[in-house]
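Structure at a glance
Take a look at the letters that make up each chain.
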Amino acid sequence: LSLHYQPLLNVRTGRAHGVEALLRWQHPDHGAIGPDKFIPLAEQSGLIVSLGRWVLERACEQALQWHQAGLGLEFIAVNLSPRQFVQQDVVALVAEVLEQTGLPAAMLELEITETALMTHAAQSEQTLQGLKRMGVGLAIDDFGTGYSSLAYLRRFPINRLKIDKSFLAGVPARTEDNQLVTTILDMAANLGLGTVAEGVETEAQWRFLQNRSCQFCQGYLFSRPLPAADLVSWLAAR
């Protein structure tokens, strides 16, 4: 197992302000196994809880190293699995890992899917409030693909919405996708929330998002997820 890191670029400046930590598994016999295959198995078996802790620890350690080296990255984003979010004391876990690694809370952003948040909305609100008091950033991942309650969206102390890459696939060729992405961006702006567009692969998509005041973008147009050393080289080259 290892972590790769995909840059999150500021749409206005084109500068990488943060990275998302993504888990990878290089099997000795079967080669690279995608997270779409092994994460669901980890969820089913319960291993996702210990695996999630390992990811959080490694990501925070790496972010602190980059911070001390003066790389200029402002935050690292780490995904929390739905099972981990519901079954574990996430507030206690994050507090322990931040103390253990020494990473400032403001440099950590946690991503939770809207489905996980809405499955146990009252519990989710308490957990998010606890994380917010700690100073951790919060983002709703894959926004628009699950069940959203605008009432809870207003109550949750969220910093950012992540627009799912499936919505970007038809931009700017499909009017329906253009309207959907624009609606999410407008809603986020009205609620005072930042935005991240995932899966940006073309210059046309990049220009579309620039013209609609999206905050951050990530995708293969800029960089694939990279090992830590390769990310440092990518940043230096830019």
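Whatever comes next refers back to the structure up there.
Attention here is on the structure that accompanies the text. (Residues numbered from 1 in each chain as written. Predicted model: local features only at pLDDT ≥ 70, side-chain atom pairs only at ≥ 80, totals over all residues. Heavy atoms only, no water.)

A word on the packing of aromatic side chains
On inspection of all chains with the given rule, the structure shows five aromatic pairs. Pairing F75 with F216 gives two aromatic rings, centres 5.8 Å apart and planes at 70°, and the pair type is edge-to-face. Here F216 lies in strand β9 (residues 216-217) and F75 lies in strand β4 (residues 75-79), a separation of 141 residues in the sequence. Both residues of the pair, F75 and F216, count as buried. Aromatic side chains Y152 and F156 sit 5.4 Å apart centroid to centroid with 40° between the ring planes, which places their arrangement in the tilted category. (Phe/Tyr/Trp six-rings, centres within 6.5 Å; stacked < 30°, edge-to-face > 60°. Helix = DSSP H or I, 4+ residues; strand = E, 2+ residues; numbered from the N terminus. Buried < 20%, exposed > 50% of the residue type's maximum accessible area, 1.4 Å probe, protein only.)

A look at helix α11 (residues 228-237)
What α11 keeps buried is the set L231, W234 and L235. Around the axis of α11, the buried residues are gathered within 95° of arc, so they sit on the same side. Exposed residues on α11 whose side chains face more than 90 degrees from its buried face are A229, A236 and A237. Where α11 is buried, its residues touch β1 (2-10), β2 (16-27) and α2 (48-68). (Arc of directions from axis to C-beta. Contact = heavy atoms within 4.5 Å.)

A word on the pairing of β1
In terms of residue burial, β1 counts as a mostly covered element, since eight of its nine residues are buried. By the bridge criterion, eight bridges tie β1 to β2 in an arrangement that is antiparallel. Bridge pairing links L9 to A16 in β2. Hairpin connection of β1 to β2: five residues between the antiparallel strands, including G14 at a positive phi of 80°. Relative to β9, β1 is paired through two bridges, and the arrangement is antiparallel. (Pairing = 2+ DSSP bridges.)

As for unusual backbone geometry
Keep in mind that most residues, glycine aside, have a negative phi and that most peptide bonds are trans. With an omega of 0°, the peptide bond running from V171 to P172 counts as cis. Position of P172 relative to the elements: it lies in the loop between α8 (165-168) and α9 (175-190). In this model, D142 sits at a positive phi of 55°, which is unusual for a non-glycine residue. Considering the arrangement of structural elements, one finds D142 in strand β6 (residues 137-143). Classification of D142 by relative accessible area gives partly exposed; the value is 23%.

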